[in-house]
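Observations on the three-dimensional arrangement
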Amino acid sequence: MRLSVNGVEHDLALDPRTTLLDALREHLDLTGAKKGCDHGQCGACTVLLDGRRVNSCLILAIAQQDAQVTTIEGLGSADDLHPVQRGFLDHDGFQCGYCTPGQICSAVGMLDELRQGRPSAVTPAGGEADLLSDAEIRERMSGNLCRCGAYPNMIPAIRQAAGQ
Ligand code: FES
Ligand code: FES
């Protein structure tokens, strides 16, 4: 199979049952996306597929040959952080950091959904809302769990990134 990850093409010979998460972590040495539950429940494995956030533990790598995969490693660099990465650093949006790559990828996808006017449980389709309210950010990030409970600082981190 051929996978395009962070702008680089990779040819891989893998069992067709290999998940995208395992392909990234075990075969491409991209260990930013984490395996928390491996059941689609925690969001630690979140990556972007053509800009859309997904749980990579639930997706078969072989089905993504036409997609552009972006992982936390492809969002920014130490010298040039993505605005969401900068926000998490500035606001101390993590403790152990295990969930953080998934939180950041999810926030990037979520801000794009906001820009596209996608509805949420807080803001129905066509509804008027403060799109950067605490409730809105919490709802849209609710698929990403943090066992350290670093949620309060993630909210201003994401709001700062949205402003940029
Ligand atoms: Fe994928 Fe938990 S490891 S959702
Ligand atoms: Fe530890 Fe979220 S920072 S699990």
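One can find the structure itself at the top, above this paragraph.
My aim in this report is to walk through the structure given alongside it, one point at a time. (Residues numbered from 1 in each chain as written. Chains lettered and ligands numbered in written order. Predicted model: local features only at pLDDT ≥ 70, side-chain atom pairs only at ≥ 80, totals over all residues. Heavy atoms only, no water.)

There is about 220 Å³ of room inside the largest pocket. Lining the largest pocket, in full, are Gly36, Cys42, Ala44, Cys96, Tyr98, Cys99, Leu145, Cys146, Arg147 and Cys148. Residues belonging to the lining of the largest pocket are distributed by class as follows: eight nonpolar, one polar and one charged. (1 Å grid on protein atoms, 1.4 Å probe; cavity = no way out; pocket = protein on both sides within 12 Å on 5 of 7 lines; lining within 4 Å. Points joined across faces, edges and corners; volume = space filled by probe spheres on them. Nonpolar A, V, L, I, M, F, W, Y, C, P; charged D, E, K, R; others polar.)

Ranked by internal contacts, the top residues of the largest apolar core, which has 22 residues, are Leu75, Val84, Phe88, Met110, Leu111 and Ile158. Among the elements of the structure, helix H2 (72-75), helix H3 (83-90), helix H4 (100-115) and helix H6 (151-163) are those that each provide at least two residues to this core. Take this core: its biggest share by element is seven residues, from H4. Excluding residues that lie within four positions of it along the chain, Leu75 makes contacts with Leu48, Thr70, His82, Gln85, Ile104, Cys105 and Val108. Listed in part, the 21 residues of the second largest apolar core include Leu14, Leu30, Cys45 and Val47. (Core = buried A, V, L, I, M, F, W, Y, C linked by side-chain atoms within 4.5 Å. Buried < 20%, exposed > 50% of the residue type's maximum accessible area, 1.4 Å probe, protein only. Helix = DSSP H or I, 4+ residues; strand = E, 2+ residues; numbered from the N terminus. Contact = heavy atoms within 4.5 Å.)

Before going further, it helps to spend a moment on the side chain of Thr19. Relative to the helices and strands, Thr19 resides in the loop between strand E2 (8-11) and helix H1 (20-27). Exposure remark for Thr19: the relative accessible area of 14% places this residue in the buried category. Thr19 has contacts with Ser56, Cys57, Ile59, Leu60 and Ala61, leaving out every residue within four places of it along the chain.

Looking now at the packing of H4 against H6. How two helices pack is summed up by the angle between their axes together with the distance between the axes. Look at H4 against H6: their axes get within 11 Å of each other, and the N-to-C directions meet at 45 degrees. The pairing of H4 with H6 is recorded here as oblique in orientation. Both H4 and H6 take part in a crossing whose hand is right-handed. Judged by residue contacts, Gln103, Ala107, Met110 and Leu111 of H4 engage Met154, Ile158, Ala161 and Ala162 from H6. (Axes fitted to C-alpha atoms, helices over the stretch in contact; angles between N-to-C directions. Parallel < 35°, antiparallel > 145°, perpendicular 65-115°, else oblique. Left-handed = near helix turned anticlockwise from the far one by under 90°.)

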